[in-house]
Amino acid sequence: IAGITQAPTSQILAAGRRMTLRCTQDMRHNAMYWYRQDLGLGLRLIHYSNTAGTTGKGEVPDGYSVSRANTDDFPLTLASAVPSQTSVYFCASSVAGGPGDTQYFGPGTRLTVL
Amino acid sequence: AQSVTQPDIHITVSEGASLELRCNYSYGATPYLFWYVQSPGQGLQLLLKYFSGDTLVQGIKGFEAEFKRSQSSFNLRKPSVHWSDAAEYFCAVGAVGAQKLVFGQGTRLTINP
C-alpha cells in the first residue's frame, strides 16, 4: 500500500543524545515535510524539502537538521536532544510543494527526551 | 503572517446530532483552506479543501465546509455525527513561503452515545 512510513514508532531518549527519525514515502512526491505536534499548539513545521537535494527551514527549525539525498527519504536529526523536543513528530509529503497541495501524513513518532 | 484560530478546544455532541467546528483564518490573499482529521494514535487525513469556486465544499465521511470571505471563516459541518467521528480536527491554511501549511490548534470532538 502506497504511503509514508516513519520509524521508530516511539522512542525514549536521554538528553544530549543524537537521534534520527526516519521517513520514507513511495508515492514519488517531490515535496516532504517534518512537523511537530504539541498539545494546544497544533502542528508546527520544522523543515521542508521541495525536491531532492534542497531543504528549507520552517517555523521551528532550531535544534533540528534534515537532508534529502533522494526522492523517497527525508530523515530528521536531533544532534543533541533536549527535553523541550519531547513531542510527536509527523512526516508528510505532497506532489509539488505548493500552498494548495494536499499533504499526506505518516503515522508519527512519539519522542520523549529525559 | 498567516494564522488560523480554532476557538473551541473541545466539543462534545451526542451521536446523531449536528456538528459545526469553527475556523477563522488570517491571510492577505485568497487562501487555500483545509480540514484534516486525526484519529487517536494516527496521522492526519484530509477531509476537504477549498481554493476557489463554490464556497460550499463537500468532503469525505459526510463532512462539508463553507468559506465565508467576509467573516474570514471556514467552518466544518456534519448533519448527523457517528461515534466513529470522535477525533481531533485541524483547520489549516496553505501559505506561500517558509510556513507552507499553517495549522490551527485543533478541536477535539467527543461523541456521547
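Preceding this section is the structure that the text describes.
A short tour of the structure in this document, coming up.

The rules we used
Residues numbered from 1 in each chain as written. Chains lettered and ligands numbered in written order. Predicted model: local features only at pLDDT ≥ 70, side-chain atom pairs only at ≥ 80, totals over all residues. Heavy atoms only, no water. Disulfide = S-S within 2.5 Å. Helix = DSSP H or I, 4+ residues; strand = E, 2+ residues; numbered from the N terminus. Buried < 20%, exposed > 50% of the residue type's maximum accessible area, 1.4 Å probe, protein only. Pairing = 2+ DSSP bridges. Salt bridge = Lys/Arg side-chain N within 4 Å of Asp/Glu carboxyl O. Contact = heavy atoms within 4.5 Å. Buried area = accessible area lost by both parts, 1.4 Å probe. Polar contact = N/O pair within 3.5 Å; in protein donor to acceptor, adjacent residues only side chain to side chain. Phe/Tyr/Trp six-rings, centres within 6.5 Å; stacked < 30°, edge-to-face > 60°. Lys NZ or Arg CZ within 6 Å of the ring centre and 35° of its normal.

Comments concerning the state of the cysteines
Here the structure, examined in full by the defined rule, presents 2 disulfides over all chains. Linked covalently through their sulfurs, A:Cys23 and A:Cys91 form a disulfide whose S-S length is 1.9 Å. Residues A:Cys23 and A:Cys91 are joined through a disulfide that is left-handed, its torsion about the S-S bond being -70°. Within this pair, whereas A:Cys23 is found in strand S3 (residues 19-25), its partner A:Cys91 is found in strand S9 (residues 87-94), the two being separated by 68 residues in sequence. The disulfide partner of B:Cys23 is B:Cys91, and the gap between their sulfur atoms is 2.0 Å. Taking the torsion about the sulfur-sulfur bond, which here is approximately -65°, the covalent link between B:Cys23 and B:Cys91 counts as left-handed. Residue B:Cys23 is found in the loop between strand S3 (19-21) and strand S4 (24-26), and its partner B:Cys91 is found in strand S10 (residues 87-94); the two are separated by 68 residues along the sequence.

Regarding the pairing of S9(A)
Consecutive side chains of a regular strand alternate in pointing toward one face of the sheet and then the other. Residue and element names in this part refer to chain A. Judged by how many residues are buried, S9 sits mostly within the fold: 8 of 8 residues are covered. Residues Ser87, Tyr89, Cys91 and Ser93 of S9 are buried on one face, and the alternating residues Val88, Phe90, Ala92 and Ser94, pointing to the opposite face, are buried as well. The pairing of strand S4 (residues 31-38) with S9 spans 7 bridges and is antiparallel. Within S9, the position partnered with Trp34 by the bridge is Cys91. The pairing of S9 with strand S11 (residues 109-113) spans 3 bridges and is antiparallel. The residue bridging Val88 from the neighbouring strand is Arg110, located in S11. Note: S9 against strand S10 (residues 104-105), 2 bridges, orientation antiparallel. Across the sheet, Ala92 pairs through a bridge with Phe105, a residue of S10.

Some points on the pattern of salt bridges
Enumeration according to the criterion identifies 7 salt bridges over all chains in this entry. Between A:Asp38 and A:Arg36 there is a salt bridge, and its shortest N-O distance comes to 2.8 Å. A:Arg36 sits in the buried class, given a relative accessible area of 8%. Residue B:Arg77 pairs with B:Glu66 through a salt bridge whose shortest N-O separation is 3.1 Å. Of this pair, B:Arg77 sits in strand S9 (residues 73-78) while B:Glu66 is found in strand S8 (residues 64-68), placing the two residues 11 residues apart along the sequence.

A word on the interface of chain B and chain A
Every contact between the two is made by 21 residues of chain B and, on the other side, 22 residues of chain A. Both faces considered, chain B and chain A share a buried interface measuring about 1,600 Å² in area, 58% of it formed by carbon and sulfur atoms. Taken together, the links from chain B to chain A amount to 0 salt bridges. Summed over the shared surface of chain B and chain A, the number is 4 residue pairs in polar contact (both at pLDDT 80 or more). Counting residues per element, the ones that place at least two in the side of chain B that touches chain A are strand S5 (32-38), strand S6 (44-50), S10 and strand S11 (101-103) of chain B.

Some thoughts on the packing of aromatic side chains
Scanning the entire structure with this criterion turns up 14 aromatic pairs over all chains. Centre to centre, the rings of B:Tyr25 and B:Phe67 are 6.1 Å apart; their planes meet at 25°, and the pair counts as stacked. In this pair, B:Tyr25 is assigned in strand S4 and B:Phe67 in strand S8, connecting sequence segments 42 residues apart. For B:Tyr25, a relative accessible area of 8% puts it in the buried group. Here the aromatic rings of B:Phe34 and B:Tyr36 are separated by 6.1 Å at their centres, their planes lie at 25°, and the arrangement is stacked. Residue B:Phe34 shares its accessibility class with B:Tyr36, and that shared class is buried. A connected cluster of aromatic rings, assembled from ring pairs, spans A:Tyr33, A:Tyr35, A:Phe105, B:Phe34, B:Tyr36, B:Phe90 and B:Phe103. The ring of A:Phe74 carries the charged tip of A:Arg68 above its face, separated from the ring centre by 6.0 Å.

Take it as geometry only, folks, not as evidence of what the structure does.
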